[in-house]
Amino acid sequence: MPNTMAEPTPFHIPPPAIQSEIYLRHRQWMIRALTLAQAAGEAGEVPVAAIVVGPDNQIMAEATNRKERDHDPTAHAEVLALRAAGEQLGNWHLNDCTLYVTLEPCMMCAGAIVQSRLGLLVYGADDIKAGAIRSVLNLPDGPCSNHRLPVLGGILEMPCREQLQHWFQRKRQVK
């Protein structure tokens, strides 16, 4: 899928690693999330985006980080997307939904994801400082979790990581 953003992206989308229909679907949604995250970064937010896709492979909700804009420490992309999907469904149980997010969720977001009874979490880059799915903590598989969350990490990991690294490098240069 060609990049159609006005500003050149700091990340490169490699060709598909495999031609599996499931992988290509996950890849398609992660490319969309990367595009949303890019717009968030250009607006001054940490470039993370989340998309909730329903069982019919249609977008139910999408969001980017809005902590700066909303002056809200809980305005993470994942939380905002889960809230919007619940409103759309009229139900907080997201059992048949998939959440795509460019960065491994933090502890707050992992808790919200577990509480939503999400059907599948797909994320791009590991967060080795604050990841609460696999990297630092494993909240979904922990004894306090009331829901076993299927997880698929590493979809377009390098573009997701490069996007974040480039954004933080630019931010440090401005200071």
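Nothing here was measured: the structure is a model prediction, and the numbers come from that model.

Calculation criteria
- Residues numbered from 1 in each chain as written.
- Predicted model: local features only at pLDDT ≥ 70, side-chain atom pairs only at ≥ 80, totals over all residues.
- Heavy atoms only, no water.
- Salt bridge = Lys/Arg side-chain N within 4 Å of Asp/Glu carboxyl O.
- Buried < 20%, exposed > 50% of the residue type's maximum accessible area, 1.4 Å probe, protein only.
- Patch = residues over 30% accessible without salt bridge, like charges linked within 9 Å, V, L, I, M, F, W, Y side chains within 5 Å.
- Areas by Shrake-Rupley, 256 points an atom, 1.4 Å probe, with all protein chains shown as cover.
- Helix = DSSP H or I, 4+ residues; strand = E, 2+ residues; numbered from the N terminus.
- Pairing = 2+ DSSP bridges.
- Core = buried A, V, L, I, M, F, W, Y, C linked by side-chain atoms within 4.5 Å.
- Contact = heavy atoms within 4.5 Å.
- Axes fitted to C-alpha atoms, helices over the stretch in contact; angles between N-to-C directions.
- Phe/Tyr/Trp six-rings, centres within 6.5 Å; stacked < 30°, edge-to-face > 60°.

Student: Before we go on, may I ask you to explain the pattern of salt bridges in this structure?
Tutor: Pairs can form between side chains of opposite charge once their charged atoms are near each other. Per the counting criterion, the structure on display carries five salt bridges. Between Asp70 and Arg66 there is a salt bridge; the shortest N-O distance is 2.9 Å. Note on Asp70: relative accessible area 28%, which makes it partly exposed. The partner of Arg69 in a salt bridge is Asp70, and the shortest N-O contact between them spans 3.1 Å.

Student: Would you mind showing me how to read a nonpolar patch on the surface here?
Tutor: Taken together, the side chains of Met107, Val136 and Leu137 define a hydrophobic patch exposed on the protein surface, amounting to about 280 Å² of accessible area. Mapped onto the elements, Leu137 comes out in the loop between strand 4 (120-125) and strand 5 (151-153).

Student: Would you take a moment to explain the pairing of strand 2 (residues 59-64) for this structure?
Tutor: The side chains of a regular strand alternate between the sheet's two faces. In this structure, strand 1 (residues 49-53) lies alongside strand 2, joined through five bridges in antiparallel fashion. Residue Val52 lies in a different strand from strand 2, and its bridge partner there is Ala61. Between the antiparallel neighbours strand 1 and strand 2 lie five residues, among them Asn57 with a positive phi of about 65°.

Student: Would you explain the nonpolar core in this entry?
Tutor: It is characteristic of soluble globular proteins that their nonpolar side chains tend to be buried jointly. Met30, Val52, Leu99, Leu118 and Leu121 are the most contacted members of the largest nonpolar core, which totals 44 residues. Those elements that place two or more of their residues in this core are helix 1 (21-42), strand 1, strand 2, helix 3 (77-89), strand 3 (98-103), helix 4 (107-115), strand 4 and helix 5 (157-174). Among the elements that line this core, the one with the most residues is helix 1, at eight residues. If we skip the residues at most four places from it in the chain, Leu118 touches Leu94, Asn95, Cys97, Thr98, Leu99, Ile113, His147, Leu149 and Pro150.

Student: Can you help me understand the sheet that holds strand 1 in this one?
Tutor: What links the strands of a sheet is backbone hydrogen bonding, and the strands pair in either a parallel or an antiparallel sense. Read across the open sheet, the five strands follow the order 2-1-3-4-5; overall the sheet is mixed. Looking at strand neighbours, the two that pair on one side only are strand 2 and strand 5, the edges of this open sheet. Between one strand axis and the next, the sheet turns through 15° on average, direction left out of account. Running over the sheet, helix 5 touches strand 3 and strand 4 and is turned about 60° from strand 4.

Student: Which parts of the structure should I look at to understand the packing of aromatic side chains?
Tutor: Counted according to the given criterion, the structure contains two aromatic pairs. Between Trp29 and Tyr100, the ring centres sit 6.4 Å apart and the planes meet at 35°, which makes this aromatic pair tilted. Within this pair, whereas Trp29 is found in helix 1, its partner Tyr100 is found in strand 3, the two being separated by 71 residues in sequence. The class for Trp29 is buried, based on a relative accessible area of 6%. Note on Tyr100: relative accessible area 2%, which makes it buried. When the centroid spacing of 4.9 Å and the interplanar angle of 85° are considered together, the rings of Trp167 and Phe168 count as edge-to-face. Using a relative accessible area of 9% as the deciding quantity, one classes Trp167 as buried. Relative accessible area serves as the criterion here: at 33%, Phe168 is assigned to the partly exposed category.

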